[in-house]
Protein chains: 2
Amino acid sequence: MTKSDALRQNYNKLLSKSKEFILATTIHSLVEWDMETKMPPKAVNLRSQQLAMISQLEHKLSTDPEIGDLIEKIRKHPDYDSLDEVEKRNVHLIKKNYDEMTKLPEELVTEITRQSAVTVNVWKKAKAAKNYSMFKPELEKLVELKKKAAEILMEVKGTATPYDALIDMHEPTMTANMITKLFDELRTGLISIMKKCLASPKQPDESFLSRKIPVDVQQKISSSIAKIIDYDIDSPNAGGRIDETEHPFTTGYYDDVRITTHYFEDNFASSLFSVLHEGGHAMYDQNLRAEWMFQPVGTGCSYGFHESQSRFVENIFGRSREFWSFYLPELKKLTGKTYSDVTLDKFVHAINAVKPSKIRVEADEVTYCLHVIIRFNIERDLFADKITVAELPEIWNQKYKEYLGVKIENDSEGVMQDTHWGLGYFGYFPTYALGNIYSGQLLAKMQKDMPDWKKHAAKGNFQPIKQWLTKNVHSYGNLYDPPDLIKKITGEQINVKHYLEYLNKKYSDLYGY
Amino acid sequence: MTKSDALRQNYNKLLSKSKEFILATTIHSLVEWDMETKMPPKAVNLRSQQLAMISQLEHKLSTDPEIGDLIEKIRKHPDYDSLDEVEKRNVHLIKKNYDEMTKLPEELVTEITRQSAVTVNVWKKAKAAKNYSMFKPELEKLVELKKKAAEILMEVKGTATPYDALIDMHEPTMTANMITKLFDELRTGLISIMKKCLASPKQPDESFLSRKIPVDVQQKISSSIAKIIDYDIDSPNAGGRIDETEHPFTTGYYDDVRITTHYFEDNFASSLFSVLHEGGHAMYDQNLRAEWMFQPVGTGCSYGFHESQSRFVENIFGRSREFWSFYLPELKKLTGKTYSDVTLDKFVHAINAVKPSKIRVEADEVTYCLHVIIRFNIERDLFADKITVAELPEIWNQKYKEYLGVKIENDSEGVMQDTHWGLGYFGYFPTYALGNIYSGQLLAKMQKDMPDWKKHAAKGNFQPIKQWLTKNVHSYGNLYDPPDLIKKITGEQINVKHYLEYLNKKYSDLYGY
């Protein structure tokens, strides 16, 4: 056996260990999907034990000391450089995961899991009672534990701050400093667009969007939307399906990627845009390179890039005038006479109405990122010990006033509206806005590569757009970290300008400012 | 630590290891359920890898050498007799499973798994081509492998023959000799009843059973039937659900037991009786003692006992004149005018029509066990080397002629009709008929304990019947082997007489012989 043979053997061994871990995560996702969609309610306790067993298995597989040995042997091997780019990336990603999983003391991980369960449970009650003082002591404990973990991860990852270590787990190599700069520019631009829209005499009439559409008709709309974006739920080789849950989500891996939506009789647009949004996520997972299945590179690049795909399909394609010039007649056919009186102009303005609001998940395209920026600023300062958990409501309410001009009446519609912090998800929020920034940059590049993309959209032909996204985004999988990937695709660093330009053009047309 | 403390500690450790294994099997069932009901078709390959991983986990958990050590320590402990009946049974059941899992050479197990996959695959093709000679060589290989395994299991279990070892895996402690005696008596009785029915001038008109009932109406019928037998699929604490698959089945554990059915527009009775049958299985799994959850005793006694519950609900309750005196008016309400002209007499005779046929799964209550007996006789002689795989079609066809008076035209409607042998399931078939024998014996006992059970049935009140079954069958879980359990419940050995008496009474009433 030559030295190189040994390297190859160790690499293959490492990959097969990694594959076991990935396979276990796919089982985990499936069992969670069932819990959200099909599980008989009585099974709650049984299910939590099943999920605990799978988590234990994942933990065991990903912290196997042999993984550490193999990584060490491979990286120190004199022929290490003979590995190609994909192989090196796989080793890097396995090492990253191994370090994250093994360097935190087990007691701390257990304590965080326990405290998260307590905190999210108290959050539910506190939110129902509109009482932040119930939530505060448990959130304080959780933040302290997360700070401890973040400090250890900072050492492991070599980031400048503990919060950067948390960001890195969602948007690898990005930092709070980079994001602050981007978000400051984004905020200024968004507030300017928002103000122009609000000041315009041309305001949309949204009232017709609450006309009742029966659920079975909405299901047909979902199917037809899925067909348009090539999310296959029907064919004998379909790799997806649509089910109903309270909150829409996407889950799965390669050949089995499922989305959910929620049908409201008096808000058909909600489920329609959910299908476009989740379908965008699903498209990413389904169009990764087949030969990378079960390799660490065979996954999306980051939370932010994932969001760029869902927002691209939902907003850039799905709320465009061009798409609706094609789809409004289809919608009218599917809904009988419900929308026969509504013109394209009125419809497109209504689904793109700009309305500063208190609730992030209901926000429009222009104000959405302002909600995210508020959360990011708070997280950043909280983990830098500049503010305390006790001060969160005051800061929250003040920022909502300042950015969005809305007055928060109580903490349930304010600082307690999202589940993320109660679950200990810190470093996650900024990726929502980063996704939008990426989507604008991708659009600018696609516009150059395929100037007539709007003509395709106007024919309901998503294929060329999907092909462009697959070639330029999906096919790279997790080969690069986000800052490198956006550069690779567009030739420039992450840049807020394109997203703002897209919005400015779109909303000045809509609002005539 | 006293000696007894050590015994207690080892017992608890053994139970917690067994619990892990049981939990893994529940994950396995769930993932298989998804494969049969919801999985996008493209996921086939991914799913087989997920299932292989779970099987591997189950194998690892159940063959952990520490289990062997713990069993040894517990059984040899001087205070072993201080364990109570349930505890001793748990140790026995864990030992049985451990022996079955560890005593077979791994290569043989792998080879059987591989050959089963090949054989069942060839079976599908051979069945489609009506060509037994395609199937034969692969079935021969599989039978040879199963014989090898059965010989080893015979040593492990101390059974008289290899085939008895296979029976023991489905119907513990039963033997081919015992079953032969039972089945000879059963066959004689059934053929006599069948002949009387066929000779009677009073023959049922079944034609109205093929009147079309739309699937959504059939789904409502399913729900109403589920409600009657107390199979909860709707309430906020429901522990079940009904989905559609080609072949109906039941799967799950305690608080999550799911059934499936199949809707045919022109055969509503098919899905109705499937819901009753599978609902009977589900009732058993859902009504085991809660405190035995995750213990080996917390499961059904045997395949045969499980079938006794499904056949009891489907046939003894579900095809009784009394039940239909209540339910036919309900059915008429649910199906508009479709059945307005059909009388109770005609309806009950139609759903109990006796018709010798070639296909087991379509057989009526009287002829069903004859199909099973043919398979048992063949299996028994095959494993005793009295007949060869090459001779199966000839023997099969001859027995169908002899027992049922039907002429098999080709092997697809003959020896290749069932999937069991292609999958290597030997020792399984007899449990289908044993279940019917038990059901007759249970009925005789229930009749004594609750002479007015038919009055309840005539009110659509299944509760008292379910309570009797729970007290007398479900609550014993797997505390006894089948011969001991039937004795415990009824005071006598397994006895064909009661089932034949039940049939004779029912069918002489129906056919007026």
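Residues numbered from 1 in each chain as written. Chains lettered and ligands numbered in written order. Predicted model: local features only at pLDDT ≥ 70, side-chain atom pairs only at ≥ 80, totals over all residues. Heavy atoms only, no water.

Caption draft 1: Representation of the overall build of chain A. Counting its secondary structure elements, chain A contains 20 helices and three strands. Relative to the compact-globule value of 24 Å for 513 residues, chain A shows a C-alpha radius of gyration of 23 Å, a close match. Considering only C-alpha atoms, chain A reaches an extent of 75 × 50 × 50 Å along its principal axes. Considering only contacts in chain A between residues 6 or more positions apart, those separated by 24 or more positions represent 73%. Within the structure as shown, chain A displays about 21400 Å² of accessible surface, and the carbon and sulfur contribution to it stands at 52%. Looking at charge distribution, chain A has the averaged site of its 68 positive side-chain charges lying 3 Å from that of its 72 negative ones. (Helix = DSSP H or I, 4+ residues; strand = E, 2+ residues; numbered from the N terminus. Rg over C-alpha atoms; globule rule 2.2 N^0.38 Å. Contact = heavy atoms within 4.5 Å. Areas by Shrake-Rupley, 256 points an atom, 1.4 Å probe, with all protein chains shown as cover. Lys, Arg positive; Asp, Glu negative; His and termini not counted. Charge placed at Lys NZ, Arg CZ, Asp CG, Glu CD.)

Caption draft 2: Highlighting the side chain of B:Gln417. All names here are of chain B. In this fold, Gln417 is placed in the loop between helix 15 (392-404) and helix 16 (430-449). At 2.8 Å, the side chain of Gln417 forms a polar contact with the backbone nitrogen of Arg360. Apart from the residues lying within four places of it in its own chain, the contact partners of Gln417 are Trp123, Lys127, Lys358, Ile359, Arg360, Arg375, Trp396, Tyr400, Asp411 and Ser412. (Polar contact = N/O pair within 3.5 Å; in protein donor to acceptor, adjacent residues only side chain to side chain.)

Caption draft 3: Representation of the interface of chain A and chain B within the structure. Taken together, the contact between chain A and chain B spans 39 residues of the former and 39 residues of the latter. Buried area between chain A and chain B, summed over both chains or domains, comes out near 3200 Å², and the portion from carbon and sulfur atoms is 64%. The largest per-residue losses of area from chain A upon contact with chain B belong to A:Lys42, A:Leu46 and A:Met53, which jointly make up 20% of the total buried on that side. Taken together, the connections running from chain A to chain B amount to four salt bridges. Among the salt bridges present, the one from A:Arg258 reaches B:Asp34, with a minimum N-O distance of 2.7 Å. Applying the counting criterion to the chain A and chain B interface returns 12 residue pairs in polar contact (both at pLDDT 80 or more). Mapped onto the side of chain A that touches chain B, the elements with two or more residues apiece are helix 1 (3-37), helix 2 (44-63) and strand 3 (256-261) of chain A. (Buried area = accessible area lost by both parts, 1.4 Å probe. Salt bridge = Lys/Arg side-chain N within 4 Å of Asp/Glu carboxyl O.)

Caption draft 4: How the structure looks around the domain arrangement of chain A. Residues and elements named next belong to chain A. Domain boundaries in chain A define domain 1 (1-103) and domain 2 (207-356 + 431-511). One C-alpha centre belongs to domain 1, the other to domain 2, and the line joining them spans 31 Å. With 19 residues of domain 1 in contact, the opposing surface of domain 2 contributes 17 residues. For the pair domain 1 and domain 2, the two sides together bury roughly 1700 Å², of which 65% comes from carbon and sulfur. Summed over the three residues of domain 1 that lose the most area to domain 2, namely Ile22, Trp33 and Arg89, the buried surface amounts to 34% of that side. The tally of links between domain 1 and domain 2 comes to two salt bridges. For the pair domain 1 and domain 2, the number of links is eight residue pairs in polar contact (both at pLDDT 80 or more). (Domains from an automatic or database assignment.)

Caption draft 5: Region of the structure containing the packing of aromatic side chains. All names here are of chain A. Scanning the model with the defined rule gives 60 aromatic pairs over all chains in all. Both rings, one in Phe208 and one in Tyr339, keep their centres 6.3 Å apart while their planes meet at 85°; by these two values the pair is edge-to-face. Placement of the pair is Phe208 in the loop between helix 8 (176-199) and helix 9 (215-228) and Tyr339 in the loop between helix 12 (321-334) and helix 13 (344-350), with a sequence separation of 131 residues. The exposure class assigned to Phe208 is buried, which follows from its relative accessible area of 4%. Here the guanidinium or amino end of Lys19 rests over the ring plane of Phe294, the centre of that ring lying 4.6 Å away. Above the plane of the ring of Phe273 lies Arg319, whose end atom (NZ or CZ) is 3.8 Å from the centre. (Phe/Tyr/Trp six-rings, centres within 6.5 Å; stacked < 30°, edge-to-face > 60°. Buried < 20%, exposed > 50% of the residue type's maximum accessible area, 1.4 Å probe, protein only. Lys NZ or Arg CZ within 6 Å of the ring centre and 35° of its normal.)

Caption draft 6: Geometry of unusual backbone geometry. All names here are of chain A. A positive phi angle, close to 70°, is found at Thr173, a residue other than glycine. In this structure, Thr173 sits in the loop between helix 7 (162-170) and helix 8. Even without being glycine, Asp230 reaches a positive phi, approximately 65°. Counting through the fold element by element, Asp230 comes out in the loop between helix 9 and strand 1 (242-244).

Caption draft 7: Molecular detail of the packing of helix 2 of chain A against helix 4 (residues 85-103) of chain A. All names here are of chain A. Between helix 2 and helix 4, the shortest axis-to-axis distance is 9 Å and the interhelical angle comes to 115°. One element, helix 2, and the other, helix 4, form an angle in the roughly perpendicular class. Crossing angle aside, the handedness with which helix 2 passes helix 4 is left-handed. Across from His59, Ser62 and Thr63 in helix 2, the residues of helix 4 making contact are Asn97, Tyr98, Met101 and Thr102. A per-class count over the contact of helix 2 with helix 4 returns two nonpolar, five polar and no charged. (Axes fitted to C-alpha atoms, helices over the stretch in contact; angles between N-to-C directions. Parallel < 35°, antiparallel > 145°, perpendicular 65-115°, else oblique. Left-handed = near helix turned anticlockwise from the far one by under 90°. Nonpolar A, V, L, I, M, F, W, Y, C, P; charged D, E, K, R; others polar.)

Caption draft 8: Quick look at the sheet that holds strand 3 of chain A. All names here are of chain A. With mixed pairing, three strands are arranged side by side in an open sheet as 1-3-2. Looking at which strands have only one partner, the edges of the open sheet turn out to be strand 1 and strand 2 (250-253). Within this sheet the neighbouring strands show an average axis-to-axis angle of 25°, counted without direction. Inspection of the sheet shows strand 1 paired to strand 3 by three bridges, in the parallel sense. Directly across from Glu244, in strand 3, lies its bridge partner Thr261. Lying over the sheet, helix 10 (residues 268-286) contacts strand 1, strand 2 and strand 3, oriented at roughly 165° with respect to strand 3. (Pairing = 2+ DSSP bridges.)

Caption draft 9: Broad picture of the sheet that holds strand 1 (residues 242-244) of chain B. All names here are of chain B. Strand order in this open sheet of three strands is 1-3-2, and the pairing throughout is mixed. Bordering the open sheet on either side are strand 1 and strand 2 (250-253), each of which pairs with just one other strand. Taking each pair of neighbouring strands and ignoring which way they run, the sheet shows an average axis angle of 25°. Its contacts with the sheet place helix 10 (residues 268-286) against strand 1, strand 2 and strand 3 (256-261), and it is angled at close to 165° to strand 3.

Caption draft 10: Inspection of the nonpolar core at higher detail. Of all hydrophobic cores here, the largest spans 295 residues; its most connected members are A:Leu186, A:Trp324, B:Leu186 and B:Trp324. Apart from the residues lying within four places of it in its own chain, the contact partners of A:Leu186 are A:Cys369, A:Ile373, A:Ala433, A:Ile437, A:Val496, A:Tyr499 and A:Leu500. Within the second largest apolar cluster, 13 residues are counted, among which are B:Tyr11, B:Ile71, B:Tyr80 and B:Leu83. (Core = buried A, V, L, I, M, F, W, Y, C linked by side-chain atoms within 4.5 Å.)

Caption draft 11: Molecular detail of the pairing of strand 3 of chain B. Residues and elements named next belong to chain B. Burial of strand 3 is extensive: six of the six residues sit out of reach of the surface. Here strand 3 shows a buried face lined by Asp256, Arg258 and Thr260 and a second buried face lined by Val257, Ile259 and Thr261. Inspection of the sheet shows strand 2 paired to strand 3 by four bridges, in the antiparallel sense. Paired with Thr251 across the bridge in strand 3 is Arg258. In textbook terms, the turn of a hairpin is the stretch between consecutive antiparallel strands, and for strand 2 and strand 3 this stretch comprises two residues, one of which, Tyr254, has a positive phi near 50°.

Caption draft 12: Inspection of helix 2 of chain A at higher detail. Here helix 2 of chain A contains 20 residues, and its C-alpha end-to-end distance of 28 Å stays within 8% of the 28 Å for a straight helix at 1.5 Å per residue. Residues of helix 2 of chain A that are buried include every one of A:Leu46, A:Arg47, A:Gln49, A:Gln50, A:Leu51, A:Met53, A:Ile54, A:Leu57, A:Glu58, A:Ser62 and A:Thr63, and no others. (Expected span 1.5 Å × (residues − 1).)

Caption draft 13: Quick peek at the confidence of the model for chain A. For chain A, the mean per-residue pLDDT works out to 97, and 100% of the residues sit at or above 70. Here the prediction assigns the complex a pTM of 0.95, and the interface score ipTM is 0.95. (pLDDT = per-residue confidence, 0-100.)

Caption draft 14: Structural context of the relation of the copies chain A and chain B. With an RMSD of 0.0 Å, the operation that places chain A on chain B is a rotation of 180° combined with a shift of 0.0 Å along the axis. Taken together, the rotation and translation relating the two chain copies correspond to the operation of a two-fold axis. In terms of proximity to the rotation axis, the leading residue of chain A is A:Val31, whose C-alpha is 3.8 Å off the axis. (Least-squares fit on C-alpha atoms with pLDDT ≥ 70 in both.)

Caption draft 15: Looking closely at helix 10 of chain B. For helix 10 of chain B, built from 19 residues, the straight-helix expectation of 27 Å at 1.5 Å per residue is met to within 8% by its first-to-last C-alpha distance of 26 Å. Most of helix 10 of chain B is tucked away: 17 of the 19 residues are buried.

Caption draft 16: Seen up close, the packing of helix 14 (residues 368-383) of chain A against helix 15 (residues 392-404) of chain A. Residue and element names in this part refer to chain A. The N-to-C vectors of helix 14 and helix 15 enclose an angle of 145°; their axes lie 10 Å apart at closest approach. Between helix 14 and helix 15 lies a crossing of right-handed hand. Of the residues in helix 15, those touching helix 14 at Leu370, His371, Ile373, Ile374, Arg375, Asn377, Ile378 and Leu382 are Leu392, Ile395, Trp396, Lys399, Tyr400, Tyr403 and Leu404. For the contact of helix 14 with helix 15, the residue count by class is 11 nonpolar, two polar and two charged.

Caption draft 17: Quick look at the pattern of salt bridges. Applying the stated rule across the entire model yields 80 salt bridges over all chains. One salt bridge connects A:Glu111 with A:Arg114, and the closest N-O pair in it is separated by 3.1 Å. Of this pair, A:Glu111 and A:Arg114 both sit in helix 5 (residues 106-129), three residues apart, which is roughly one turn of the helix. Looking at A:Arg114, the relative accessible area reads 42%, which means it is partly exposed. Linking B:Glu144 and B:Lys147 is a salt bridge whose minimum nitrogen-to-oxygen distance equals 3.8 Å. Of this pair, B:Glu144 and B:Lys147 both sit in helix 6 (residues 132-157), three residues apart, roughly one helical turn. You can call B:Glu144 partly exposed: its relative accessible area is 46%. The exposure class assigned to B:Lys147 is buried, which follows from its relative accessible area of 10%. A cluster of three or more residues bridged by salt bridges with shared partners is formed by A:Lys13, A:Lys17, A:Asp64 and A:Glu66.

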